[in-house]
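# Architecture at a glance
Letter by letter, the chains look like this.
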Amino acid sequence: MSHFVVRKIAVLGAGVMGAQIAAHAVNAKVEVLLFDLPAPQGQKNGVVLGAVERLKKLSPAPLVNDEDALYIEAANYEENLERLRECDLVIEAIAERLELKHALYQRVAPFLAPHAIFATNTSGLPIAKLAEGLPPEVLPRFCGVHFFNPPRYMHLVELIAGPRTDAKILDELESFLTTVLGKGVVRAFDTPNFIANRVGTFSILAVMAEAERYGLTLDVVDDLVGTRLGRAKSGVFRTADVVGLDTLGHVIGTMRDTLKDDPFHALYTVPPLLARLIEQGALGQKSGAGFYKKVGKDILRADPATGSYVPATGKADERVVGILKQKDPAERLRLLRESEHPQARFLWAVLRDEFHYAAVHLASIAGSARDVDFALRWGFGWTLGPFETWQAAGWDKVAGFVKADIEAGAALTRAPLPEWVAGPEVNAARGVHTAQGSFSPRARAFVPRPELPVYRRQVFRAPLLGESGGPERAGRTVFEDDAVRAWALDDDALILSLKTKMHVIGAGVTAGIARAVDEAEKNFRTLVVWSPGEPFSAGADLKGMMPVFMASGVRGIEQMERELQDALLRVRYAQVPVVAAIAGLALGGGCELALACARRVAHVESYVGLVEVGVGLVPGAGGLLYGARRAAEENALAPDVPPLAFLKKYFMNAAMANVSKSAFEAQRMGYLLPSDPVVFNAHELLGAALEVGKCMAASGYRPPLKLKGFRVAGRSATATILSQLVNLREGGFISEHDFHIGQTIATILCGGDVEPGSVVDEAFILGLERKAFTSLLMHPKSQARIAGMMQDGKPVRN
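Since the structure is predicted, the reported quantities are computational estimates derived from the model, not experimental observations. (Residues numbered from 1 in each chain as written. Predicted model: local features only at pLDDT ≥ 70, side-chain atom pairs only at ≥ 80, totals over all residues. Heavy atoms only, no water.)

### Things to note about the overall build of the chain
- A count of helices and strands for the chain gives 28 helices and 23 strands.
- Radius of gyration (C-alpha) of the chain: 28 Å, near the 28 Å computed for a compact globule of 798 residues.
- Expressed as lengths along the three principal axes of its C-alpha atoms, the size of the chain is roughly 80 × 65 × 60 Å.
- Of all 798 residues assigned to the chain, the portion counted as buried reaches 56%. (Helix = DSSP H or I, 4+ residues; strand = E, 2+ residues; numbered from the N terminus. Rg over C-alpha atoms; globule rule 2.2 N^0.38 Å. Buried < 20%, exposed > 50% of the residue type's maximum accessible area, 1.4 Å probe, protein only.)

Printed below as a string of structure tokens:
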């Protein structure tokens, strides 16, 4: 059976999206040609070269390494069309104008390789209309592939078939997008704005309409519909500023012009405030003002009544916040609906409008309710999709609420809910998501997820409320307590999952780590440290330390540190390979746990670092031992180079609390090794880690021999580092306490107050770590930093 391989991609159009799609392909080690028009002056590829340079200035960074920009090969339509024949996938990402796209298609079609997939990144133009600009032989290989901005970070890609698209082409492209680029693929029907932008833009318009109805200001609305509602932190109006108000206006205009028979068509109008801002050129972040404007340190919001900007200080009312904190979804929705508070009534109205809209349009825009929910979660950052939220609160009861509001004229339109909402299939299942699949109105059945071979890499697929088979209770539990769960899917691998908040490491986790190593050595071939959901671990449990400190003082803390050190040494010298499966944050003690493992498998978006200086401490569980040992190992391979050359990286990482911005940067920092695999789809992480552990075991894994000693740089290297710290302190770049912590880190990394080239063992360095950790814990300025971090999560500079 032939296997479709993408060796090289061409991206047509070096605008914001095109350049970032090219950047993410390079992140995934795929060769890229980036095309645009020839520059009227200077270098012919000047347009593309300029776009590539701008990539380095964007935030968040599109590239995992700015230096990789050189792998984006510049091309233009005048000189380089022949090179399209080299490409397996060609993605068009030019301006959203049908005539421009058709003209480009006619120009490039003769140069497409016979096997190449040709895809458009249109955000909403009809694929069928776009296909009219292509010759017949290309049509089976043509489809829509809609990335979301920014492409590196947004999980969603919508895949849309054209009138004659070969089904095999869609399967091949979905497989590539899923595993190579790490995306969550949703198949959408060829309708205006597809799924995510269709429902997401309606949600934005509903928020604006209901905010006006209930007299709420922009800042209050954003506080209500952000993280409190399980949505993006930036809310609606701040998000619109980031996207661009002109872009939002264009999307609304597309819906107005193409959806004239939609029962919600009356809402597809640019709201007056948005229209006024666009007319004034206040387009959001890119113009310096939009719904919000920053003046000095102050954030101002647009006031619809006066047309001016006023301080943005509004917040959600605590009574409404209390309702949103209700854990029972059914009770939460009931309280919002029955409340007389305008903020609560606003929230119910928005949710009702979203339920209503999603139900009315499900059959026309998506194959099942699952596609709508994933599209909103992956494309707009919602914690739960609209159907998940509805089902969690009780399908029948919420349907009754929505129906009553429609009949009372409180909804945005009197269009009734479709009959399937109360149909026998959905009623029997009490919702649209079941273990058998998600409801499809077209099929009048619950359809299962696609079973492409690529999804076999995912031990657990993306979770969906109402489905079964999540990781929390999967497999056979070997042991479990409040801190950890050790479990297995087979007889080969033991999996250790942390259950603490943010997967912080306290006494319970420490004991669980040691016990898991014992269990793995007795009954399994490998141990994998992986937890459902991010992060890998946010570090030490500072709150958990406080009762120990109050009861037993510094001796109690020193004992906790010793136990953690011993547990991580057990990991390092375990008789079975221990593999860390890292995604998200791996900070402080979490980083030290990963460093102790025989191998690490990391999701590309892994943020790794020793950050203890932020709370006035130093790494106390082997982080500095790792740096000292690695520097000695590197120095042994280049004995003519001064030891400080190898120590510098590890000192700067710890002293500056540097955190990697990707797994690849973690490799450059030394926290991951070049041999540690990096995966792009977080749902493939556990499977990859299990395979690595089992392969290591099958290859006859043996742990490293316990070190009898290694050479350290000694007091002279410490003195050199201190001289640089003095300059930073005298220049006002670091505080006196920063200097003290930096001096402590340098002393430990250099092996203490010993002669250069002295041989020390692991126990000696670990003793230095413990002593420094407990000493700093008693320092008033470190205590102030700890208190500040625990109070509001922000570092205190003192």
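### Some words on the packing of helix H6 (residues 196-213) against helix H9 (residues 245-258)
- Look at H6 against H9: their axes get within 11 Å of each other, and the N-to-C directions meet at 105°. By the angle class used here, H6 and H9 are roughly perpendicular. Residues Arg198, Thr201, Phe202, Ile204, Leu205 and Met208 of H6 lie in contact with H9, whose contacting residues are Leu248, Val251, Ile252 and Met255.
- Residues of the contact of H6 with H9, tallied by class, amount to eight nonpolar, one polar and one charged. (Axes fitted to C-alpha atoms, helices over the stretch in contact; angles between N-to-C directions. Parallel < 35°, antiparallel > 145°, perpendicular 65-115°, else oblique. Contact = heavy atoms within 4.5 Å. Nonpolar A, V, L, I, M, F, W, Y, C, P; charged D, E, K, R; others polar.)

### Observations concerning the sheet that holds strand E14 (residues 445-447)
- Reading across the sheet, the three strands line up as E12-E13-E14 and stay open at both edges, with antiparallel pairing between neighbours. Across the chains shown, the open sheet's two edge strands, defined by having one partner strand only, are strand E12 (433-434) and E14.
- This element, helix H14 (residues 369-380), spans E12, strand E13 (437-440) and E14 of the sheet and lies at about 105° to E13. (Pairing = 2+ DSSP bridges.)

### Topic: helix H24 (residues 685-698)
- Compared with an ideal rise of 1.5 Å per residue, which puts 14 residues at 20 Å, H24 spans 20 Å between its outermost C-alpha atoms and is within 8% of the ideal.
- Listed as buried for H24 are Leu685, Leu686, Gly687, Ala689, Leu690, Val692, Gly693, Lys694 and Met696.
- Buried residues along H24 sit in contact with strand E16 (484-488), strand E17 (493-498), strand E18 (526-529), strand E19 (578-587), strand E20 (599-609) and strand E21 (678-679).
- Just beyond H24, the residue with positive phi is glycine 700, at close to 80°. (Expected span 1.5 Å × (residues − 1).)

### A closer look at the sheet that holds strand E15 (residues 476-480)
- If you walk across this open sheet you meet the seven strands as E15-E16-E17-E18-E19-E20-E21, and the pairing is mixed. Taken across any chain shown, the strands that pair with only one partner, and hence form the sheet edges, are E15 and E21.
- Those strands touched by helix H18 (residues 507-523) are E15, E16, E17 and E18, and its axis lies near 175° from that of E17.

### Notes on the packing of aromatic side chains
- The final tally for this structure, using the stated rule, is 23 aromatic pairs.
- Taken together through their ring pairs, the aromatic side chains of Phe355, Phe387, Trp390, Trp395, Trp420, Phe439 and Phe446 make up a single cluster.
- Sitting above the plane of the phenylalanine 664 ring, lysine 29 keeps its charged end 4.3 Å from the centroid. (Phe/Tyr/Trp six-rings, centres within 6.5 Å; stacked < 30°, edge-to-face > 60°. Lys NZ or Arg CZ within 6 Å of the ring centre and 35° of its normal.)

### Digging into the nonpolar core
- Judged by nonpolar contacts, the single largest core of 113 residues is most densely connected at Phe118, Phe291, Phe346, Phe387, Trp390 and Trp420.
- In terms of residue count, helix H13 (residues 342-365) provides more of this core than any other element does, twelve residues in total.
- Among all residues touching tryptophan 420, those that are not within four sequence positions of it are Ala359, Leu362, Phe387, Trp395, Val426, Val432, Phe439, Pro441 and Arg444. (Core = buried A, V, L, I, M, F, W, Y, C linked by side-chain atoms within 4.5 Å.)

### Brief notes about the pattern of salt bridges
- Using the criterion set out here, one finds 55 salt bridges in the structure.
- As a salt-bridge pair, glutamate 605 and arginine 152 come within 2.7 Å of each other at their nearest N and O atoms. Within this pair, whereas glutamate 605 is found in strand E20, its partner arginine 152 is found in the loop between strand E6 (142-147) and strand E7 (156-161), the two being separated by 453 residues in sequence.
- Judged by relative accessible area, which is 8%, arginine 152 ranks as buried.
- When salt bridges that share partners are traced, they join Glu210, Arg213, Arg337, Arg352, Asp353 and Asp405 into one network. (Salt bridge = Lys/Arg side-chain N within 4 Å of Asp/Glu carboxyl O.)

### Description of unusual backbone geometry
- Between serine 59 and proline 60 the backbone carries a cis peptide bond, its omega angle lying at 0°.
- Along the chain, the position of proline 60 falls in the loop between helix H2 (46-55) and strand E3 (72-76).
- Residues glutamate 534 and proline 535 are joined by a peptide bond in cis, for which omega reads 0°.
- Following the sequence through the fold, proline 535 ends up in the loop between E18 and helix H19 (542-572).
- Residues other than glycine seldom take positive phi values, yet asparagine 193 does so here, at roughly 65°.
- The topology assignment puts asparagine 193 in the loop between strand E8 (184-188) and H6.
- For asparagine 193, a relative accessible area of 3% translates into the label buried.

### Considerations on the pairing of strand E9 (residues 292-295)
- Of the pairings in the sheet, the one linking E9 to strand E10 (residues 298-302) comprises four bridges and is antiparallel in character. In the strand pairing of E10, tyrosine 292 is matched with arginine 301.
- Between E9 and E10, which pair antiparallel and follow one another directly, the connecting turn spans two residues, one of which, glycine 296, has a positive phi of 65°.

### A closer look at the environment of lysine 57
- Structurally, lysine 57 is set in the loop between H2 and E3.
- In this structure the C-alpha to C-alpha distance between lysine 57 and isoleucine 9, which are 48 residues apart in sequence, comes to 23 Å.

### A closer look at H2
- Taken together, the buried positions of H2 are occupied by Val48, Ala51, Val52 and Leu55. What you see down the axis of H2 is that its buried residues fit within an arc of 100°, all on one side.
- Where H2 is buried, its residues meet helix H1 (16-27), strand E2 (31-36) and E3. (Arc of directions from axis to C-beta.)

### Brief notes about the side chain of threonine 718
- Relative to the assigned elements, threonine 718 resides in helix H25 (residues 714-730).
- For threonine 718, the residues in contact, after removing those within four places along its chain, are Ala746, Thr747 and Cys750.

### Things to note about the state of the cysteines
- For the structure on display, the rule yields zero disulfides.
- Of all cysteine sulfurs in the structure, the one in cysteine 597 sits closest to cysteine 591, which takes part in no disulfide; the separation is 11 Å.
- For cysteine 591, a relative accessible area of 0% translates into the label buried.
- Free cysteine cysteine 750: the closest other cysteine sulfur is in cysteine 591, separated by 19 Å.
- Take cysteine 750: its relative accessible area is 0%, and that puts it in the buried class. (Disulfide = S-S within 2.5 Å.)

### A word on the pairing of E17
- For E17, the buried fraction is high: six of the six residues fall into the buried class.
- Neither face of E17 is open: one carries Ala493, Ile495 and Ser497, the other Leu494, Leu496 and Leu498, and all of them are buried.
- Here E16 runs beside E17; their pairing, made up of five bridges, is antiparallel. Note that in E17 the partner of valine 484 across the bridge is leucine 498.
- Adjacent in sequence and paired antiparallel, E16 and E17 are bridged by four residues.

### A few points about the packing of H9 against helix H10 (residues 272-279)
- As a packed pair, H9 and H10 sit with axes 10 Å apart at the nearest point and diverge in direction by 125°. Between H9 and H10, the angle is such that the two are oblique. As H9 runs across H10, the sense of the crossing is left-handed. Two secondary-structure elements touch here, H9 through Leu245, Asp246, Leu248, Gly249 and Ile252 and H10 through Leu274, Leu277 and Ile278.
- Of the residues that constitute the contact of H9 with H10, the class distribution is six nonpolar, one polar and one charged. (Left-handed = near helix turned anticlockwise from the far one by under 90°.)

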